[in-house]
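A structural walkthrough
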Amino acid sequence: MMNMENYKHKIQYYETDKMGITHHSNYVRIMEETRVDMMEKLGYGYDRMEAEGIISPVMNVSLDYRKPTTYPDIVEVELSVLEMSRFKVKFAYKMTVGDTLVCSATSTHCFLNKQGRPVTLQESCPDLDEAFSALRQEVDNAKN
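Residues numbered from 1 in each chain as written. Predicted model: local features only at pLDDT ≥ 70, side-chain atom pairs only at ≥ 80, totals over all residues. Heavy atoms only, no water.

Moving on: the overall build of the protein chain. Summing up its helical and strand segments, the protein chain has four helices and five strands in all. Taken from the N to the C terminus, the helices and strands of the protein chain come in the order β-α-α-β-β-β-β-α-α. Over its C-alpha trace the protein chain gives a radius of gyration of 16 Å, about what one expects of a compact globule, namely 15 Å for 144 residues. Here the C-alpha coordinates of the protein chain stretch approximately 50 × 40 × 25 Å along the principal axes. Residue burial in the protein chain is summarised as follows: out of 144 residues, 40% are buried. A separation of at least 24 residues holds for 64% of the contacts in the protein chain among residues at least 6 apart in sequence. Accessible area of the protein chain: about 8500 Å², with a carbon and sulfur share of 48%. In the protein chain, the 17 positive side-chain charges and the 22 negative ones have mean positions that sit 5 Å from each other. (Helix = DSSP H or I, 4+ residues; strand = E, 2+ residues; numbered from the N terminus. Rg over C-alpha atoms; globule rule 2.2 N^0.38 Å. Buried < 20%, exposed > 50% of the residue type's maximum accessible area, 1.4 Å probe, protein only. Contact = heavy atoms within 4.5 Å. Areas by Shrake-Rupley, 256 points an atom, 1.4 Å probe, with all protein chains shown as cover. Lys, Arg positive; Asp, Glu negative; His and termini not counted. Charge placed at Lys NZ, Arg CZ, Asp CG, Glu CD.)

Printed below as a string of structure tokens:
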């Protein structure tokens, strides 16, 4: 079991609007920070992936805002691999402040080579595919 540590993001003053509430667009940035952090912890940061000729664009993002956050809240993000196919991975994000769910979200990503053609993660980045599969297995185990 991988047991990844949750990512923590402190809401900055500049991330809030005139009402003092975190602007909704910042949650997408927090999602990206979380993915980058997770991949670096797996030893397969975006820099390594891109050096190996693979890019991973976002195909879809979905967010459900539950409660507002404000400066200087600490948003803790639990990231899991919700779905995997040969060409895509879908991440789930559970964002909390303390025990309060503030946002749940998903993002879907594909993998392309330098020519922009789809590649399978298993063939192009087998170590990363194995790590994502282990994280996916944790989701399945938690359901049982």
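This brings us to helix α4 (residues 126–143). For α4, with 18 residues, the first-to-last C-alpha span of 26 Å sits near the 26 Å given by 1.5 Å per residue. Taken residue by residue, α4 has Leu128, Asp129, Ala131, Phe132, Leu135, Arg136 and Val139 as its buried positions. With its buried residues spanning 165° around the axis, α4 presents them on a single face. Buried-residue contacts for α4 involve α1 (26–41), α2 (46–51), β3 (74–84), β4 (88–97) and α3 (121–124). (Expected span 1.5 Å × (residues − 1). Arc of directions from axis to C-beta.)

Here the structure, examined in full by the defined rule, presents three aromatic pairs. Where Tyr13 meets Tyr71, the ring centres are 5.9 Å apart and the plane angle is 90°; that geometry is what we call edge-to-face. Here Tyr13 is found in the loop between β1 (7–10) and α1, whereas its partner Tyr71 is found in the loop between β2 (58–65) and β3, with 58 residues between them in sequence. A relative accessible area of 42% means that Tyr71 is categorised as partly exposed. Between the aromatic rings of Tyr27 and Tyr65, the centroid separation amounts to 5.4 Å while the plane-to-plane angle is 65°, which identifies the pairing as edge-to-face. Taken together, the residues span a long stretch of sequence, with Tyr27 in helix α1 and Tyr65 in strand β2 at a distance of 38 residues. The class for Tyr65 is partly exposed, based on a relative accessible area of 41%. (Phe/Tyr/Trp six-rings, centres within 6.5 Å; stacked < 30°, edge-to-face > 60°.)

On the basis of which strands lie adjacent, the open sheet formed by five strands has the order β1-β3-β4-β5-β2 and antiparallel pairing. Looking at which strands have only one partner, the edges of the open sheet turn out to be β1 and β2. The mean angle between the axes of side-by-side strands here comes to 25°, regardless of whether they run parallel or antiparallel. In terms of strand pairing, β3 meets β4 through eight bridges, oriented antiparallel. Bridge assignment links Met84 to a residue of β4, and that residue is Val89. Sitting on the sheet, α1 touches β1, β2, β3, β4 and β5 (100–110), and the angle it makes with β4 is about 115°. Each of β3 and β4 touches α4; the most contacted strand, β3, lies at about 100° to it. (Pairing = 2+ DSSP bridges. Axes fitted to C-alpha atoms, helices over the stretch in contact; angles between N-to-C directions.)

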